[in-house]
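# Analysis of the macromolecular model
The chain contents come next:
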Amino acid sequence: MKADNEIRMGEVATDWRGGTDASLVFIGRIHTPWTDLGACPRRGRPDGPLCRIELFETWVPALAGISDDALIEVFYWLHRSRRDLLLQCPRDDGDARGTFSLRSPIRPNPIGTSVVRLEGRDGANLLVRGLDCLDGTPLVDLKPDRSTFIPQAPEKPGDFHVGEQ
């Protein structure tokens, strides 16, 4: 069995060592049943195990307005992912594809996203199903699922812009 960070036949990495352009503030931690990459699912399931999103105390007031049974888009930092692969072989068969054509966690900025259903809440903890990340994954952001969200702010001219410029 290959190590989690081993390059497969046909994959290509970059030796880019540039600086960073931005910083993130982690707003919590995600708790799941998975502690190693080999066991972690490739994508979350709506009927998957109950997972816990722990929001750091500072950010708890920002949960106001999230209703029970809400669909929430969760953004998280895939802290154990490589960041250097340009071409990847997800099937481990030597057939390489560009990183940006895949939903692989291996990317220059390893941000993961899942749409989850809120099953319950206990203070700073959200109980959800549908995650696909390791236990202890840093939480980047939470947003209402875009397919069900209705903007609260007044409309802007760009909201009605369609077709060619």
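Residues numbered from 1 in each chain as written. Predicted model: local features only at pLDDT ≥ 70, side-chain atom pairs only at ≥ 80, totals over all residues. Heavy atoms only, no water.

### Considering the sheet that holds strand 4 (residues 71-77)
Read around the barrel, 6 strands follow the order 2-3-8-7-4-9 and close on themselves; strand pairing throughout is antiparallel. On average, each strand axis in the sheet is inclined to that of its neighbour by 45°, with strand direction left out of account. Sheet topology note: the strand 4/strand 9 (residues 137-144) ladder contains 5 bridges and is antiparallel. Paired with phenylalanine 75 across the bridge in strand 9 is aspartate 141. (Pairing = 2+ DSSP bridges. Helix = DSSP H or I, 4+ residues; strand = E, 2+ residues; numbered from the N terminus. Axes fitted to C-alpha atoms, helices over the stretch in contact; angles between N-to-C directions.)

### Remarks on the side chain of aspartate 132
Following the sequence through the fold, aspartate 132 ends up in the loop between strand 8 (125-129) and strand 9. Although buried, aspartate 132 forms no salt bridge, and the nearest oppositely charged side chain, arginine 103, lies 6.5 Å from it. At a separation of 2.3 Å, a polar atom in the side chain of aspartate 132 contacts the side chain of tyrosine 76. Filtering out sequence-adjacent residues up to four positions away, aspartate 132 remains in contact with Trp34, Cys40, Pro41, Arg42, Arg43, Gly44, Tyr76 and Ser114. (Buried < 20%, exposed > 50% of the residue type's maximum accessible area, 1.4 Å probe, protein only. Lys, Arg positive; Asp, Glu negative; His and termini not counted. Salt bridge = Lys/Arg side-chain N within 4 Å of Asp/Glu carboxyl O. Polar contact = N/O pair within 3.5 Å; in protein donor to acceptor, adjacent residues only side chain to side chain. Contact = heavy atoms within 4.5 Å.)

### Things to note about the pattern of salt bridges
Scanning the entire structure with this criterion turns up 6 salt bridges. Between aspartate 69 and arginine 117 there is a salt bridge, with its nearest N and O atoms 3.5 Å apart. Of this pair, aspartate 69 sits in the loop between strand 3 (51-55) and strand 4 while arginine 117 is found in strand 7 (residues 111-122), placing the two residues 48 residues apart along the sequence. The closest approach of N and O atoms between arginine 82 and aspartate 84, which form a salt bridge, is 2.8 Å. Using a relative accessible area of 17% as the deciding quantity, one classes arginine 82 as buried.

### Considering the layout of surface pockets
In this structure, the largest pocket spans a volume of roughly 1400 Å³. As for the largest pocket, its lining consists of 40 residues, and the residues nearest its centre are Pro41, Arg42, Ser104, Pro105 and Ile106. Put simply, the parts of the chain that give the lining of the largest pocket at least two residues each are strand 5 (85-88) and strand 7. The leading source of residues in the lining of the largest pocket is strand 7, at 4 residues. Residues that form the lining of the largest pocket fall into these classes: 16 nonpolar, 10 polar and 14 charged. Computed from the structure, the second largest pocket encloses a volume of approximately 480 Å³. Looking at the second largest pocket, it is lined by 20 residues, and the ones nearest its centre are Trp16, Thr20, Arg83, Pro108 and Asn109. The class makeup of the residues in the lining of the second largest pocket is 9 nonpolar, 6 polar and 5 charged. (1 Å grid on protein atoms, 1.4 Å probe; cavity = no way out; pocket = protein on both sides within 12 Å on 5 of 7 lines; lining within 4 Å. Points joined across faces, edges and corners; volume = space filled by probe spheres on them. Nonpolar A, V, L, I, M, F, W, Y, C, P; charged D, E, K, R; others polar.)

Keep in mind these values describe shape, not function.
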